[in-house]
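Single-letter residue listing:
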Amino acid sequence: MVGLIGVAIVAIGYVQFWAARPLSVAVEIAASAPVTRVLAVNGRIAARHSVDVTSVMTGRLVSLSVSEGDSVRVDDVLAQVNAAAQTAIVRQAVAALDAALVAQQQATETYERAVALGTNIPRLELEESAHAVQSAGQEVARLTAILDQAQIVLEDYTIRSPVDGTVLELDAEEGQIVGPANRLLTLADLSEILVEADVDEAYATQIAVGQPAVLQLAGNTGTHQGHVSFVSNRVDEATGGLAIEISFDAPIAAPVGLTVATNVIVDRRDAALTVPRTALVNGDAVFVVADGVARLHPVTVVDWPAARLITTAGLDEGTTVIVDATGISDGQSVSVEEP
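(A) Structural detail: the nonpolar core. Counting residues in each nonpolar core, the largest one holds 35 residues, and the members touching the most others are Ile-207 and Ile-246. Looking at this core element by element, the count peaks at five residues for strand β14 (residues 259–276). Ile-246 has contacts with Leu-194, Val-195, Ala-213, Leu-215, His-227, Val-228, Ser-229, Thr-262 and Val-264, leaving out every residue within four places of it along the chain.

Right, here's the structure in full:
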């Protein structure tokens, strides 16, 4: 029995020893250092200038003159819509105009003969001849306008390139019915490409045109320098994303749609105090060590998706900060781990 009591006393003493022992914590000494605040986003290669080509006229696509990847120049023929009906209208307009020209010529000749007769022809007949010439001229003008309009419409059945560029995507096939609502193909100027990306609305006010960026193309280990060249003024309500464009500082070649990992440099500071995100308590305090005790100390930080956060208030240089606040309470005795 005495032996058991002895063992119990030893166990209690052992527990009390460990209970009284201060918690060992890892710390760091707050010190100013250069800081770069970076926003990481994924984007995709896009052409700065692109245009969707459609058919003004509705009809069957009888020919498609280009393939994906083809380079075209302005006014090159891209496709042809069946124009048989409009061609017939043009022919009818030509025939009507030819008949009107003949009638005008006849009216002119009749008037000239009447004038040559002088006083030997009644004045009324001369006036009627002059009126016939005038009417014939008006009819020629009217039918000329009809023909011009018919020819303009006929031209719309031939689809031409509106710009110099490369056929990026084909959305039509010969034989299908096309119209203004159907995109036939997309043309793009691949001499100038950029990166299109979306930024979460939480950081929308931090992004500005001109900010530098480091870009890495999928499948490449090297990086390219760039800068933010466009920031939308509207956040997409459905996705909560803000559209931005990032231009390369030097021309590169890359396929449209390629994924690009981008680090936008939002802020650079020559000297700033920072703390690990793991040191924060509720986002506005850290534990500091003073005389062997953990003290909760309020701080103000720049909230940012990074492992370390810039402190703007509440932290002095040389302060000992506990790097992981997990399981620590205010006023708890602690011992500093040796680095």
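Text resumes after the structure shown.
(B) Molecular detail of the pairing of strand β13 (residues 241–248). The element β13 is extensively covered by neighbouring structure, given that six of its eight residues are classed as buried. Here seven bridges tie strand β10 (residues 183–200) to β13, and the two strands are oriented antiparallel to one another. The residue bridging Val-199 from the neighbouring strand is Leu-242, located in β13. Examined bridge by bridge, strand β12 (residues 224–235) and β13 share six bridges and lie antiparallel to one another.

(C) Seen up close, the pattern of salt bridges. Under the defined criterion, the tally for this structure stands at twelve salt bridges. A salt bridge links Glu-155 to Arg-160, with the shortest nitrogen-to-oxygen separation between them at 3.9 Å. Residue Glu-155 is classed as partly exposed on the basis of its relative accessible area, which comes to 45%. Given the relative accessible area of 36%, Arg-160 is considered partly exposed. Arg-269 is paired through a salt bridge with Asp-267; the nearest N and O atoms lie 2.8 Å apart. Linked by salt bridges that have partners in common, Asp-52, Glu-169, Asp-171 and Arg-183 make up one network.

(D) A look at the packing of aromatic side chains. By the definition in use, this model includes one aromatic pair. Considering the side-chain rings of Tyr-203 and Trp-304, the 5.0 Å spacing of their centres and the 65° angle between planes classify their relative orientation as edge-to-face. One end of the pair, Tyr-203, is in the loop between β10 and β11 (212–217); the other, Trp-304, is in the loop between β17 (300–301) and β18 (308–313), and 101 residues separate them in sequence. In this structure Tyr-203 comes out as partly exposed when scored by relative accessible area, which is 21%. If you follow Arg-37 out to its NZ or CZ, it ends over the ring of Trp-304, 4.6 Å from the centre.

Definitions and cut-offs
- Residues numbered from 1 in each chain as written.
- Predicted model: local features only at pLDDT ≥ 70, side-chain atom pairs only at ≥ 80, totals over all residues.
- Heavy atoms only, no water.
- Core = buried A, V, L, I, M, F, W, Y, C linked by side-chain atoms within 4.5 Å.
- Buried < 20%, exposed > 50% of the residue type's maximum accessible area, 1.4 Å probe, protein only.
- Helix = DSSP H or I, 4+ residues; strand = E, 2+ residues; numbered from the N terminus.
- Contact = heavy atoms within 4.5 Å.
- Pairing = 2+ DSSP bridges.
- Salt bridge = Lys/Arg side-chain N within 4 Å of Asp/Glu carboxyl O.
- Phe/Tyr/Trp six-rings, centres within 6.5 Å; stacked < 30°, edge-to-face > 60°.
- Lys NZ or Arg CZ within 6 Å of the ring centre and 35° of its normal.

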